[in-house]
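Residue-level structural notes
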Amino acid sequence: MKFVLPLLASVALTNAHFTMQYLWVNGADQGLNKYLRVPPSNNPVTDVTSTDMTCNVGGLTGSATGTVTIPAGATIQLEWHQHAQRTGEDPISGGHKGAVQVYIAKAPSTAASFNGQGAVWTKIYSSGLLNPSTQQWATDVVNANGGKHSVKIPASLPAGEYLIRGEIIALHVSQSYPGAQFYIGCAQVKISSGGSASPPKISIPGTYKGSDPGITVNIYNNLQSYTAPGGAVWSG
Ligand SMILES: [Cu+2]
């Protein structure tokens, strides 16, 4: 009986995928799909070696996407939904249990022309299994918060143009690889002033492996701890 529920849930939720649809800057909603590289569908990426892992399908360029100027040390929110914007349905359907992470990468020139390849990404936020006794995941909190989660952009980052990459890893069918579902959205920002930090960086794709314990994992067996892929958070 224990395994019946998740199996049914995963079948029922096949089409209940989602995308990153809004960027908020210091409490101001920037509008639907503004400053975001918009993927062609709400399907997840499952091949961790694909360049779709960087900024979703078609996301290697942002030539059609604007770039928003934000102050150093801004708090941003990323907001996700299943279908076209705020319809009132659950932002993330309840079966999509998993981790929420945010990365940032400095563009050599403009954010719009940056493909995000190579060791350029710094993890600035990660939330996973929050409460083992209730099996509460970061995705449950995002869902309860209207699809939103916050992160402060470290003020010590140098001024310049950046990609901000939101990532939600749904683990409802991740017992074998490929199975984990990566929902990815990239925003284009310009940090107007900043510091001189040189944070640690990873490659996406590149650093994640199918065998990572945060990617191939059975979450239906009273999981007690979870290690998200991509290493530690850098807090500036
Ligand atoms: Cu889905």
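A brief report on the enclosed structure follows. (Residues numbered from 1 in each chain as written. Predicted model: local features only at pLDDT ≥ 70, side-chain atom pairs only at ≥ 80, totals over all residues.)

Let's talk about the sheet that holds strand E10 (residues 148–152)
Reading across from one edge, E2-E1-E5-E10 is the order of the four strands in this open sheet, with antiparallel pairing throughout. Every other strand in the sheet has two partners, leaving strand E2 (28–29) and E10 as the edge strands with one partner each. Alignment of strand E1 (residues 19–25) against strand E5 (residues 75–81), held across six bridges, turns out to be antiparallel. Within the sheet, the bridge partner assigned to Thr 19 lies in E5 and is His 81. (Pairing = 2+ DSSP bridges. Helix = DSSP H or I, 4+ residues; strand = E, 2+ residues; numbered from the N terminus.)

Quick word on the environment of Ser 126
With respect to the helices and strands, Ser 126 occurs in strand E7 (residues 119–127). Taking the C-alpha atoms as reference points, Ser 126 and Trp 80, 46 residues apart in sequence, are found 16 Å from one another.

Description of unusual backbone geometry
Put simply, Tyr 177 and Pro 178 share a cis peptide bond, and its omega is -5°. Examined against the element boundaries, Pro 178 turns out to sit in the loop between strand E11 (160–170) and strand E12 (181–191). Of note, the bond from Ile 204 into Pro 205 is cis; its omega dihedral lies within 30 degrees of zero at 5°. Its location among the elements puts Pro 205 in the segment after strand E13 (202–203).

Thoughts on the environment of Ala 187
When you line up the elements, Ala 187 lands in strand E12. With near-sequence residues (within four places) excluded, Ala 187 lies in contact with Leu 23, Tyr 35, Leu 36 and Ile 164. (Contact = placed C-beta atoms within 7 Å.)

Focus on the nonpolar core
Considering soluble globular proteins, one finds that nonpolar side chains tend to be buried as a cluster. Counting 56 residues, the largest nonpolar core has Tyr 162, Leu 163, Ile 164 and Val 189 as its most contacted members. When residues of this core are traced back to their parent elements, those giving at least two are E1, helix H2 (52–55), E5, strand E6 (98–106), E7, helix H3 (138–144), E11 and E12. Broken down by element, this core gets its largest block of residues, seven residues, from E12. (Core = buried A, V, L, I, M, F, W, Y, C linked by C-beta atoms within 7 Å. Buried ≥ 20, exposed ≤ 12 C-beta atoms within 10 Å, placed from the backbone.)

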